[in-house]
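An overview of the molecular structure
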Amino acid sequence: MTGSAEPPYLRIAGEIRRRIADGRLKPGDRVPSTRQIARDWEVALATATKVLNRLRDEGLVHTKPRSGTVVAAPAEPPGPAQTPRREPGERRGPRQDGELSRARVVRAAIELADAEGLDALSMRGVAARLGVATMTLYRYVAGKDELVLLMADAAFGEQGYPDEPPPGWRARAEQAARALWQVHRRHPWLAQLNSLFRPLPLAGLLAHAERLLAALEELGLDETTRMDLQVVIYSHVQGLAVHLERETLAEADTGLSEEQWMEAQGPALGSIAATGAYPAFARLMTAFRRDGYDLDLDRLFELGLRTLLDGLTLLAEDRRSRMGPAY
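Scoring rules and cut-offs
- Residues numbered from 1 in each chain as written.
- Predicted model: local features only at pLDDT ≥ 70, side-chain atom pairs only at ≥ 80, totals over all residues.
- Heavy atoms only, no water.
- Patch = residues over 30% accessible without salt bridge, like charges linked within 9 Å, V, L, I, M, F, W, Y side chains within 5 Å.
- Areas by Shrake-Rupley, 256 points an atom, 1.4 Å probe, with all protein chains shown as cover.
- Salt bridge = Lys/Arg side-chain N within 4 Å of Asp/Glu carboxyl O.
- Lys, Arg positive; Asp, Glu negative; His and termini not counted.
- Charge placed at Lys NZ, Arg CZ, Asp CG, Glu CD.
- Helix = DSSP H or I, 4+ residues; strand = E, 2+ residues; numbered from the N terminus.
- Buried < 20%, exposed > 50% of the residue type's maximum accessible area, 1.4 Å probe, protein only.
- Axes fitted to C-alpha atoms, helices over the stretch in contact; angles between N-to-C directions.
- Parallel < 35°, antiparallel > 145°, perpendicular 65-115°, else oblique.
- Left-handed = near helix turned anticlockwise from the far one by under 90°.
- Contact = heavy atoms within 4.5 Å.
- Nonpolar A, V, L, I, M, F, W, Y, C, P; charged D, E, K, R; others polar.
- Core = buried A, V, L, I, M, F, W, Y, C linked by side-chain atoms within 4.5 Å.
- 1 Å grid on protein atoms, 1.4 Å probe; cavity = no way out; pocket = protein on both sides within 12 Å on 5 of 7 lines; lining within 4 Å.
- Points joined across faces, edges and corners; volume = space filled by probe spheres on them.
- Phe/Tyr/Trp six-rings, centres within 6.5 Å; stacked < 30°, edge-to-face > 60°.

Glancing now at a negative patch on the surface. Taken together, the side chains of Glu 210, Glu 217, Asp 222, Glu 223 and Asp 228 make up a negatively charged region of the molecular surface. Within the residue set of the negative patch, elements represented by two or more residues are helix 8 (203-217) and helix 9 (223-254). Take Asp 222: it is sitting in the loop between helix 8 and helix 9. For Asp 222, a relative accessible area of 36% gives the class partly exposed.

Right under this line is the structure:
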């Protein structure tokens, strides 16, 4: 033999590169996720991560929030001054893009979770994304559990508030709920972490709770009711956001988009409607065959928030009427 076999990650990257070159994968198309690569080529997730990192370094793909890794638009050919790429197995020298830090480790982990989901997160995967040895990360974090907490705290802390809150409890409650929704929109994996029974002790998350609780204080409700309402509003955000991550995982696992999956399920749903046992459902199916239905989570969030706060307004008004004019 004249040389060692090509590393698996280079072989797989070459196959995906050919799909891009011959047009089977077009700009904007999703490329196989780390899970798909690991499953289809029977390699470890860390190897799959190296595949996507290689393609990303070459400018062929980029990460798109809530869409995963997609084919990048064609770029101009690199000039002659570009730093040459290392050959397989070549030892890496000192990084030229700044020293590694805890903040950089956390940011790389967030980017990986945003693109591939929290299940795909591993210390090896983050290390591969940063181009360092896995053990290097342990200089900055104790392990994956601590890393996930740091990621969540940083993600919740991204969404700030103006110094002056808007006037009125309802405007302030809307501001806090919408901020939480935007954070979950950017980082769908957050919805998988926090349990109502075991809330995470995170300053970034508490900043949103503080805004919401301060707004509810204006209503003069007792402590238990205020806490209950804060939990209900947070649960509305989390309950919708959890489906963002689930859809990303389902598409990665099945290879089917939401539209393709619904089209495949159409005959089964039609058969159920045709039994006559579910007339309200059948009427909806008839209407949607004509006009369609767009499952818009942003619209559902606003509808749910408005409904919750309308009910809270009635609750506050009822309390005022019972307490009398002095309230």
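Moving on, we get to the packing of helix 1 (residues 8-21) against helix 3 (residues 45-57). Interaxial distance between helix 1 and helix 3 falls to 9 Å at its minimum, and their mutual angle equals 50 degrees. Compared by their axis directions, helix 1 and helix 3 come out oblique. Two packed elements cross with a definite hand, and for helix 1 against helix 3 that hand is right-handed. Each of Pro 8, Tyr 9, Leu 10, Ile 12, Ala 13, Ile 16 and Arg 17 in helix 1 lies in contact with helix 3, whose residues at this interface are Thr 47, Lys 50, Val 51, Arg 54 and Leu 55. For the contact of helix 1 with helix 3, the class distribution of residues is eight nonpolar, one polar and three charged.

Membership of the largest hydrophobic core comes to 56 residues, with the highest contact counts inside it found for Leu 121, Val 126, Leu 147, Met 151, Phe 156, Trp 189 and Leu 312. Secondary structure elements with two or more residues in this core: helix 4 (102-116), helix 5 (123-130), helix 6 (144-157), helix 7 (169-186), helix 8, helix 9 and helix 12 (297-323). With residues up to four places along the chain from it excluded, the contact list for Met 151 reads Val 106, Ala 109, Ile 110, Ala 113, Leu 118, Leu 121 and Trp 189. Ala 13, Ile 20, Leu 52 and Val 61 belong to the second-largest nonpolar core, a separate cluster that totals 17 residues.

Scanning the entire structure with this criterion turns up one cavity of 30 Å³ or more. Volume-wise, the largest cavity comes out at about 40 Å³. Taken together, the elements giving at least two residues each to the lining of the largest cavity come down to helix 3 and helix 4. The element that contributes the greatest number of residues to the lining of the largest cavity is helix 3, accounting for four residues. Considering only residue class, the lining of the largest cavity consists of three nonpolar, three polar and three charged.

Another point: the packing of aromatic side chains. Taken as a whole and assessed by the stated rule, the structure comprises two aromatic pairs. Residues Trp 181 and Phe 301 carry aromatic rings whose centres are separated by 5.1 Å and whose planes lie at 5 degrees to one another, so their mutual orientation is stacked. One end of the pair, Trp 181, is in helix 7; the other, Phe 301, is in helix 12, with 120 residues separating them in the sequence. Between Phe 288 and Tyr 293, the aromatic rings sit 5.1 Å apart at their centres with planes inclined by 35 degrees, giving tilted as the arrangement. When its relative accessible area of 47% is taken as the criterion, Tyr 293 is described as partly exposed.

For the rest of this paragraph, the subject is the layout of surface pockets. When its volume is computed, the second largest pocket comes out at roughly 1300 Å³. As for the second largest pocket, its lining consists of 35 residues, and the residues nearest its centre are Glu 247, Glu 258, Glu 259, Met 262 and Leu 295. Sorting the residues of the lining of the second largest pocket by element identifies helix 9, helix 10 (258-274) and helix 11 (279-291) as the ones contributing at least two each. Split into classes, the residues belonging to the lining of the second largest pocket amount to 16 nonpolar, eight polar and 11 charged.

A few words on helix 5. Within helix 5, six of the eight residues are buried, leaving the element largely enclosed by the surrounding structure. Turning to helix 5, its buried residues number three or more, namely Met 123, Gly 125, Val 126, Ala 127, Arg 129 and Leu 130. Contacts from the buried residues of helix 5 go to helix 3, strand 1 (61-64), helix 4 and helix 6. Once helix 5 finishes, Gly 131 follows within two positions and takes phi at roughly 75 degrees, a positive value.

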